[in-house]
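# Chains, contacts and geometry: an overview
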Amino acid sequence: METATKNNHIGRKIGRIRELRGMKQEALAMELGISQQAISNIEQSETIEDTKLKEIAKALGVTPEAIENFSEEAVFNIINNTFKDNSSNNNNYLCTINPLEKIIELYERLVQAEKDKVAYLEQQLKK
């Protein structure tokens, strides 16, 4: 099944993370000192400057790498795997974790592992 959203569309990733954090465009705009329309334009952009990405990541409480590597499929997999039924009538569901925090944590660990690999390989090349 093919989706209309490109996997590398940074603006859409920013928009989805913002929505998952429960933040409106206006709130993010205020945090960054820009207009809501500027946020809308950013969320429609396929690419973004590194400095702007760092500012947005900080305002969203994530790392730039977490935004770049964000996957909506991973969010749904985590949500589906963490719902527990604590009722006798099967009507109440309780999510035991914040899925976005877990995804961010996972991506930060993956990025660190890649950095460690690069450092190790560079060290091996120097020998």
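Residues numbered from 1 in each chain as written. Predicted model: local features only at pLDDT ≥ 70, side-chain atom pairs only at ≥ 80, totals over all residues. Heavy atoms only, no water.

Ile14, Ile17, Ile56, Leu60, Val62 and Ile67 are the most contacted members of the largest nonpolar core, which has 19 residues in total. When contributions to this core are tallied by element, the ones reaching two or more residues are helix H1 (10–20), helix H2 (25–32), helix H3 (36–44), helix H4 (50–60), helix H5 (64–68) and helix H7 (99–126). With five residues, the top contributor of residues to this core is H4. (Core = buried A, V, L, I, M, F, W, Y, C linked by side-chain atoms within 4.5 Å. Buried < 20%, exposed > 50% of the residue type's maximum accessible area, 1.4 Å probe, protein only. Helix = DSSP H or I, 4+ residues; strand = E, 2+ residues; numbered from the N terminus.)

This part takes up the pattern of salt bridges. Enumeration according to the criterion identifies six salt bridges in this entry. The salt bridge partner of Lys52 is Glu55, with a shortest N-O separation of 3.6 Å. Taken as a pair, Lys52 and Glu55 lie in helix H4 at a separation of three residues, close to a single helical turn. In the salt-bridge network here, residues are joined through shared partners; they are Arg16, Arg18, Glu19 and Glu43. (Salt bridge = Lys/Arg side-chain N within 4 Å of Asp/Glu carboxyl O.)

Averaged over every residue, the pLDDT of the chain is 81; the share at 70 or more is 76%. Mean pLDDT per element in the chain: strand S2 (residues 93–95) is the minimum at 54, and H3 is the maximum at 95. A low-confidence stretch, residues 1–6 stays under pLDDT 50, and its non-local contacts, those more than four residues away or across chains, total three contacts. (pLDDT = per-residue confidence, 0-100. Contact = heavy atoms within 4.5 Å.)

As for its placement among the helices and strands, Glu105 is situated in helix H7. Sequence separation of Glu105 and Val62 is 43 residues, and the distance between their C-alpha atoms is 9.3 Å.

Turning our eyes to something else, we now look at H4. Those residues of H4 not exposed but buried are Leu53, Ile56, Ala57, Ala59 and Leu60. Each buried residue of H4 sits inside an arc of 160° when the element is viewed along its axis, so together they form one side. Among the exposed residues of H4, those pointing more than 90 degrees away from its buried face are Thr51, Lys54 and Lys58. Contacts made by the buried residues of H4 are with H1, H2, H3 and H5. Looking at the residues trailing H4, positive phi occurs at Gly61, about 75°. (Arc of directions from axis to C-beta.)

This part is about the packing of H1 against H4. Helix-helix packing is described using two parameters, namely the angle between the two axes and the distance between the axes. In contact at an axis separation of 11 Å, H1 and H4 are set at 15° when each is read in the N-to-C sense. If you check the angle between H1 and H4, you find them roughly parallel. Considering the relative orientation of H1 and H4, their crossing is left-handed. Taken together, the residues of H4 that come into contact with H1 (itself represented by Ile10, Ile14, Ile17 and Arg18) are Leu53, Ile56 and Leu60. Residues of the contact of H1 with H4, tallied by class, amount to six nonpolar, no polar and one charged. (Axes fitted to C-alpha atoms, helices over the stretch in contact; angles between N-to-C directions. Parallel < 35°, antiparallel > 145°, perpendicular 65-115°, else oblique. Left-handed = near helix turned anticlockwise from the far one by under 90°. Nonpolar A, V, L, I, M, F, W, Y, C, P; charged D, E, K, R; others polar.)

A word on the packing of H2 against H4. Contact pair H2 / H4: the axes reach a minimum separation of 10 Å and the direction vectors enclose 115°. As H2 packs across H4, the resulting crossing turns out to be right-handed. Contacts between H2 and H4 involve Leu28, Glu31 and Leu32 from the former and Glu55, Ile56, Ala59 and Leu60 from the latter. Classifying every residue of the contact of H2 with H4 gives five nonpolar, no polar and two charged.

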